[in-house]
Structures are given as structure tokens and as C-alpha cells.
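The residues making up each chain are set out below.
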Amino acid sequence: MSGKWLTFVNENLFFAKLQLQWRDSSSTVAEKQCAGRAALRFLQQAYVGFLNELAEQRRIKVKVETLADLEGQLEVESPEVISMKLAAAQPDSWLAQLLKQFGEISRPRKNETPQNENIIAATSAPYAMELTAILESMQAFINEMREHSFEW
């Protein structure tokens, strides 16, 4: 295994952590929202990278973008895919929240046009799971899956 996806995942998790630190130290609402969205995008990239890391371990040569893509490429469903499908099905899990929150920032909000910092603050959606909790849960999940994979 070349580990190119492993490095990509780790890098994106690290960048998400940096963005969350910036968000927490920022003084304006716009900066906080910008850093939060950047962190969410890095987390999403880490997730897609992890899917490709799993694909790489199984010698799948095509890039996958979703869990369904990975599942479609596998001859036999892997324990990692089963775990991620279970997590995605639980609304309060890190994966369900990541996918939901990323989906929300990936399209324009309905009937809202932020024009200044106050509108951004008023239209910012509260999330059921804080990004820091998603990052920590995601890192723990990935580390556990990697340890399990290396045992085989």
C-alpha cells in the first residue's frame, strides 16, 4: 500500500483541527463561520479520502466519492463499510452529522442573501453535533479501523 490516501486523510484532519482553532480564537461572526465551513470541508475531504484509503487497501483502482461507490466496488462487504453504513443510519452519529452539515453548506440557503455580518449570524444554522465532536469521533473511528486493518 502506497499510503497516499492515508497521508491525505491525516492532512485534512489536521487542517480541520487548525480551522476549528482559528474559529475558536476569531472575534467576528463572519470569521467564525468561515473557519467552521472550512473545517467542515476539510472533514468531508478526509471522509472521502478515507473511503479511498479503504479502496486502495482492497486494490480498487477507481476513485470513490461516496460510501455507496465503495460498496459497489467491493466483492464482499467489509467490516469498515458495515460500520460506516450503521453510523450513517444513526442521525446523531458523527458520519450522519458530517454528511448532513456538509450537504447544508453545499447549496444556497433558501430565500436568504447574507449581506453583512449580522445576517450571517442570523442565518447560521445550529448543528446538532459540534464540529469538534465530529472531528474527534471521526479520528477515533478512523484510527480504530486502521488498527483493525493492520491486524489482518
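To start, this report covers the structure provided alongside it. (Residues numbered from 1 in each chain as written. Predicted model: local features only at pLDDT ≥ 70, side-chain atom pairs only at ≥ 80, totals over all residues. Heavy atoms only, no water.)

## So, the nonpolar core
Thought 1: Judged by nonpolar contacts, the single largest core of 34 residues is most densely connected at Leu 43, Tyr 47, Leu 70, Met 84 and Met 138.
Thought 2: When residues of this core are traced back to their parent elements, those giving at least two are α1 (4–25), α2 (29–57), α3 (67–73), α4 (79–89), α5 (94–105) and α7 (131–151).
Thought 3: Take this core: its biggest share by element is 10 residues, from α2.
Thought 4: Not counting residues up to four positions away in its chain, the partners in contact with Leu 70 are Leu 51, Leu 54, Ala 55, Ile 60, Val 64 and Val 81. (Core = buried A, V, L, I, M, F, W, Y, C linked by side-chain atoms within 4.5 Å. Buried < 20%, exposed > 50% of the residue type's maximum accessible area, 1.4 Å probe, protein only. Helix = DSSP H or I, 4+ residues; strand = E, 2+ residues; numbered from the N terminus. Contact = heavy atoms within 4.5 Å.)

## Considering α1
Each full turn of the α-helix corresponds to 3.6 residues, which orients residues three or four apart in the same direction.
Thought 1: Under the 1.5 Å per step criterion, the end-to-end length of α1 is 32 Å for 22 residues, consistent within 8% with the ideal 32 Å.
Thought 2: Within the span of α1, buried status applies to Trp 5, Val 9, Asn 12, Leu 13, Ala 16, Gln 19, Leu 20 and Arg 23. Relative to the axis of α1, the buried residues are bounded by an arc of 120 degrees and lie together on one face. Exposed residues on α1 whose side chains face more than 90 degrees from its buried face are Lys 4 and Ser 25. (Expected span 1.5 Å × (residues − 1). Arc of directions from axis to C-beta.)

## Observations regarding α4
Thought 1: Among all positions of α4, only Glu 80, Val 81, Met 84 and Ala 87 are buried. Across the axial projection of α4, the buried residues extend over an arc of 125 degrees, all falling on one side. Turned more than 90 degrees off the buried face of α4, the exposed positions are Leu 86 and Ala 89.

## Some points on the packing of aromatic side chains
Thought 1: This model, assessed by the stated rule, comprises 5 aromatic pairs.
Thought 2: Ring geometry for Trp 5 against Phe 8: centres 5.3 Å apart, planes inclined by 80 degrees, an arrangement best described as edge-to-face. Taken as a pair, Trp 5 and Phe 8 lie in helix α1 at a separation of 3 residues, close to a single helical turn.
Thought 3: Take Trp 5: its relative accessible area is 16%, and that puts it in the buried class.
Thought 4: With a relative accessible area of 26%, Phe 8 lands in the partly exposed category.
Thought 5: Taking the centre distance of 5.3 Å and the plane angle of 50 degrees together, the rings of Trp 94 and Phe 141 count as tilted. Taken together, the residues Trp 94 in helix α5 and Phe 141 in helix α7 connect sequence positions 47 residues apart. (Phe/Tyr/Trp six-rings, centres within 6.5 Å; stacked < 30°, edge-to-face > 60°.)

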